[in-house]
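A closer look at the structure
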Amino acid sequence: MKKALVVGGANGVGLSIATELAARNDVERVYIVDKAAVAEEYMNPKFECHQFDLTSDDYTIFDRFQDIDTLMITAGFGRLQLFRDVDDSMISSSFNVNTIPVLRIIRRFYTKLESPSDDFFCGVMVSIAGFMTSPFFSIYAATKAALKVFIESVNVELIKAGSINRILNVSPGSLKGTSFNSGKTDLSVVAPMAQEIIKHLEQKDDLFIPQYEEIYKHVLARYAADFRAEGIHSYEYKVQSGRVKIQPTLP
């Protein structure tokens, strides 16, 4: 029977992945580690929940989950704002939640990941913002770009070590039904995406970009051709969409 650990599984896509895994007959237990508690309405008999702040120095809590064969890290946050409006605490907290915990957690399970014969399914929610210029998301994009390169680098090391396992980089754009941007989780909306992520996880793919053919193949091609022009386009698109408002610069 499988046991899974979902870090950041109290809401959004993490909760949806945990819920989908728990619905499977071959899954015995789904551990959820999150700073927030899982709401009573979303609780499942297979869930074992632990509240933990990822900015903590002490990560020994993860030593109790050495019986898992599936690890999915979905914790993270972002805020649309110009870099000039960002304070120091936002910079440090962004890396201390979005980036550094992924490295620390994967390091604790690296022996399993590096196995030449035993399956270990590992995935990380990254972001399409980590692949390109992302005005209004400069800090968030930087935290995700670091994860992108980390995952690519470690996957090469796993190949050369003879491991059968890979880390899956899940890099979507905006996801509906999640609580990412102060929204409310709607599992009925997120479930198809969670199912797709689990499928790629079990196939041991190293990259999954939702809506790649429909949208992001063309976006990434434009970015590769002229990253400056695509950056300007991204800036103007966000302003015109009403997602951000520009405050005038004080004289």
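You'll find the structure just up there.
Residues numbered from 1 in each chain as written. Predicted model: local features only at pLDDT ≥ 70, side-chain atom pairs only at ≥ 80, totals over all residues. Heavy atoms only, no water.

Describing the overall build of the protein chain
Each helix and strand in the protein chain was counted, giving eight helices and seven strands. The C-alpha radius of gyration computed for the protein chain amounts to 18 Å, which stays within 12% of the reference 18 Å derived for 251 residues, consistent with globular compactness. Along the three orthogonal principal directions, the C-alpha set of the protein chain runs to about 60 × 45 × 35 Å. Residue burial in the protein chain is summarised as follows: out of 251 residues, 48% are buried. For the protein chain, restricting intrachain contacts to residue pairs at least 6 apart in sequence, the fraction spanning at least 24 positions comes to 69%. Accessible surface for the protein chain amounts to roughly 12,800 Å². Of this, 53% is attributable to carbon and sulfur atoms. (Helix = DSSP H or I, 4+ residues; strand = E, 2+ residues; numbered from the N terminus. Rg over C-alpha atoms; globule rule 2.2 N^0.38 Å. Buried < 20%, exposed > 50% of the residue type's maximum accessible area, 1.4 Å probe, protein only. Contact = heavy atoms within 4.5 Å. Areas by Shrake-Rupley, 256 points an atom, 1.4 Å probe, with all protein chains shown as cover.)

Quick word on the environment of R24
Residue placement: R24 occurs in the loop between α1 (12-22) and β2 (27-34). Look at R24 and you get partly exposed, because its relative accessible area is 28%. Linking R24 and A141, residues 117 residues apart in sequence, is a C-alpha distance of 34 Å.

Comments concerning the pattern of salt bridges
Under the defined criterion, the tally for this structure stands at twelve salt bridges. Here D63 and R108 are joined by a salt bridge, their closest N and O atoms 3.0 Å apart. Of this pair, D63 sits in the loop between β3 (47-51) and β4 (70-73) while R108 sits in helix α3 (residues 100-108), and the two are 45 residues apart along the sequence. Owing to a relative accessible area of 40%, D63 belongs among the partly exposed residues under this scheme. Where E196 meets K199, a salt bridge forms, and the shortest distance between an N and an O atom there is 3.3 Å. With a gap of three residues between them, E196 and K199 both fall in helix α6 (residues 187-202), about one helical turn apart. On the basis of relative accessible area, E196 is assigned to the partly exposed category, the value being 29%. Put simply, K2, R24, D26 and E202 are held in one network by salt bridges that share partners. (Salt bridge = Lys/Arg side-chain N within 4 Å of Asp/Glu carboxyl O.)

Examining the nonpolar core
Residues L5, F62, L71 and I106 are the most contacted members of the largest nonpolar core, which totals 30 residues. Contributions of two or more residues to this core are made by β1 (2-7), β2, β4, α3, α4 (110-113), β5 (121-125) and α5 (138-160). It is α5 that provides the largest number of residues to this core, a total of five residues. Beyond its immediate stretch of four places on either side in the chain, I106 contacts L71, I73, L113, C122, V124, F150 and I167. Within the second largest apolar cluster, 27 residues are counted, among which are V6, M72, V190 and F208. (Core = buried A, V, L, I, M, F, W, Y, C linked by side-chain atoms within 4.5 Å.)

Observations regarding the sheet that holds β3
Reading across the sheet, the seven strands line up as β3-β2-β1-β4-β5-β6-β7 and stay open at both edges, with parallel pairing between neighbours. At either end of the open sheet lies a strand with only one pairing partner, and these are β3 and β7 (207-208). Alignment of β2 against β3, held across five bridges, turns out to be parallel. Across the sheet, residue V33 finds its bridge partner in β3, namely H50. Packed on one face of the sheet, α5 meets β5 and β6 (167-170) and runs near 155° to β6. (Pairing = 2+ DSSP bridges. Axes fitted to C-alpha atoms, helices over the stretch in contact; angles between N-to-C directions.)

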